[in-house]
Amino acid sequence: MKLFKKKLFSAIQPSGMPTIGNYISVLNNLVHIQDKFDCLFCIADLHSITVRRKSNDLSRSILDMIALYLACGFDPNQAIIFIQSHVYEHTQLSWILNCFSYVGELSRMTQFKDKSIRFSNNINVGLLNYPVLMASDVLLYKTDIILVGEDQKQHLELIHDIVIRFNNIYKKLFVLPSSLISKTGSKIMSLLNPTKKMSKSDPNTKNTIFLLEDISSIIKKIHHAQTDSDNPCSIIYNKKNKAGISNLLNIFSSFSGKTIKSLENEYANVMYSKFKHDLSDFIADKISCLQKKYFDFRKNEDYLQNIVKSGAEKAQCQAKITLDQVYKAIGLPVKYY
Ligand code: ATP
Ligand code: MG
């Protein structure tokens, strides 16, 4: 008997080298979830062009991402991985959903406001419409569960509003997705400014630990990460008053599997430098192992291209069914040829 599995969707932008934030909340969960759910992993290249980047960098980053998924344990026989721009239904549905979304609600999104400040010379419409394309990514596959970091919570609420608005008119066509956000590590903060989320597109690279950077550079960044100026120092989780050490505790817990409480006990009365030293050891170990696997997969571009070709075919079969249903529901003629 074939067991019914829920459908899980997750996406990452090829907007630069992935960070430990992306790893902890999304990539590191692959191995555990891909046999429990019907998984679709999307390389969201159309999302990534909301910020200007060089064409060579973009095409290279896409293949980097596929190799990284494989290094993290992605199994192409179990799950589907595909490039968003290869499945045209995403942009097609996105236009339709634009007509069910309001400028007011889009302009209230924190990500739009943040990126409008960071990229103030290029506040393009794509930046504003980002959540509508994200809604299309998810809804095309009748997704039950979206695997994301905490920064995407507001977008998920907006997707719910769009679904309810659409379903109220057109008879429950879309599935209302729920989110899977890990309990620890769902929002890793910047190393030098722990009130701001770590991002792969942050122009200040000292804020970010990249998965593929030199281990010696990672260790240096951890040692320079902001802690607190209290004396004597105390390694206690308190997001509001001790944002720096709380962020490092979160990272340590995610990499070591130890709870934050047990780390607080283990490092009571210990200097920040010793704590950072041990944290560096854990990260260096895990990341160097991941990098080794990554470089093995990255060498074989034909294999990577085959995976995305077959992924796009499988994803498109599903996407087309939903798009046809949407066309019929709203009265657009379905193309039968
Ligand atoms: P960009 O700066 O280009 O937006 P990003 O680092 O935010 O890059 P995305 O590709 O936008 O990465 O997001 C991929 C996934 O990683 C999303 O599910 C997102 O919620 C999650 N994520 C992003 N940043 C963090 C973070 N700092 N901590 C935990 N999860 C994160
Ligand atoms: Mg992002």
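Residues numbered from 1 in each chain as written. Chains lettered and ligands numbered in written order. Predicted model: local features only at pLDDT ≥ 70, side-chain atom pairs only at ≥ 80, totals over all residues. Heavy atoms only, no water.

**Observations concerning the overall build of the protein chain**
Consideration 1: What the protein chain contains, in helices and strands, is 14 helices and five strands.
Consideration 2: For 337 residues, the compact-globule estimate of 2.2 N^0.38 gives 20 Å, and the C-alpha radius of gyration of the protein chain, at 21 Å, lies within 12% of that figure.
Consideration 3: Referenced to the eigenvectors of the C-alpha coordinate spread, the extents of the protein chain come out at roughly 70 × 45 × 45 Å.
Consideration 4: Within the protein chain, the fraction of its 337 residues that count as buried is 53%.
Consideration 5: Summed over all atoms, the accessible surface of the protein chain reaches about 16600 Å², with 55% contributed by carbon and sulfur.
Consideration 6: Averaging the coordinates of the 43 positive side-chain charges in the protein chain and doing the same for the 30 negative ones gives two points 4 Å apart. (Helix = DSSP H or I, 4+ residues; strand = E, 2+ residues; numbered from the N terminus. Rg over C-alpha atoms; globule rule 2.2 N^0.38 Å. Buried < 20%, exposed > 50% of the residue type's maximum accessible area, 1.4 Å probe, protein only. Areas by Shrake-Rupley, 256 points an atom, 1.4 Å probe, with all protein chains shown as cover. Lys, Arg positive; Asp, Glu negative; His and termini not counted. Charge placed at Lys NZ, Arg CZ, Asp CG, Glu CD.)

**Let's talk about the domain arrangement of the protein chain**
Consideration 1: Here the domain parsing of the protein chain yields domain 1 (7-186 + 300-330) and domain 2 (205-296).
Consideration 2: Each of domain 1 and domain 2 was reduced to a C-alpha centroid, and the two centroids are 29 Å apart.
Consideration 3: Across the boundary between the two partners, domain 1 contributes 15 residues, which contact 18 residues of domain 2.
Consideration 4: Summed over both partners, the interface of domain 1 with domain 2 comes to about 1500 Å²; 73% of that surface belongs to carbon and sulfur atoms.
Consideration 5: Looking only at domain 1, the three residues that lose the most surface to domain 2 are Met17, Ile20 and Ala71, adding up to 38% of its buried area.
Consideration 6: Here domain 1 is connected to domain 2 by zero salt bridges.
Consideration 7: At the surface where domain 1 touches domain 2, the tally comes to four residue pairs in polar contact (both at pLDDT 80 or more). (Domains from an automatic or database assignment. Contact = heavy atoms within 4.5 Å. Buried area = accessible area lost by both parts, 1.4 Å probe. Salt bridge = Lys/Arg side-chain N within 4 Å of Asp/Glu carboxyl O. Polar contact = N/O pair within 3.5 Å; in protein donor to acceptor, adjacent residues only side chain to side chain.)

**Here we look at the pattern of salt bridges**
Consideration 1: Per the stated rule, a full pass over the model turns up 13 salt bridges.
Consideration 2: Between Lys196 and Asp202 there is a salt bridge; the shortest N-O distance is 3.1 Å.
Consideration 3: Take Lys196: its relative accessible area is 32%, and that puts it in the partly exposed class.
Consideration 4: Judged by its relative accessible area of 7%, Asp202 is buried.

**Concerning the nonpolar core**
Consideration 1: Grouped together as the largest cluster of nonpolar side chains are 61 residues, with contacts concentrated most on Ile20, Phe41, Ile43, Tyr69 and Phe74.
Consideration 2: The leading source of residues in this core is helix 4 (residues 55-71), at 10 residues.
Consideration 3: If you count residues domain by domain, this core takes at least three from each of domain 1 (7-186 + 300-330) and domain 2 (205-296).
Consideration 4: Ignoring any residue separated from it by four or fewer positions in sequence, one finds Phe74 in contact with Leu30, Gln34, Phe41, Tyr69, Ala79, Ile80, Ile81 and Ile307.
Consideration 5: By size, the runner-up hydrophobic cluster in this structure holds 40 residues, among which are Cys42, Phe82, Phe166 and Ala312. (Core = buried A, V, L, I, M, F, W, Y, C linked by side-chain atoms within 4.5 Å.)

**Notes on the pairing of strand 2 (residues 38-43)**
Consideration 1: Here strand 2 lies mainly inside the structure; five of its six residues are buried.
Consideration 2: Sheet analysis places strand 1 (residues 7-12) next to strand 2, joined by six bridges and oriented parallel. Residue Ile12 lies in a different strand from strand 2, and its bridge partner there is Ile43.
Consideration 3: Sheet analysis places strand 2 next to strand 3 (residues 80-83), joined by four bridges and oriented parallel. (Pairing = 2+ DSSP bridges.)

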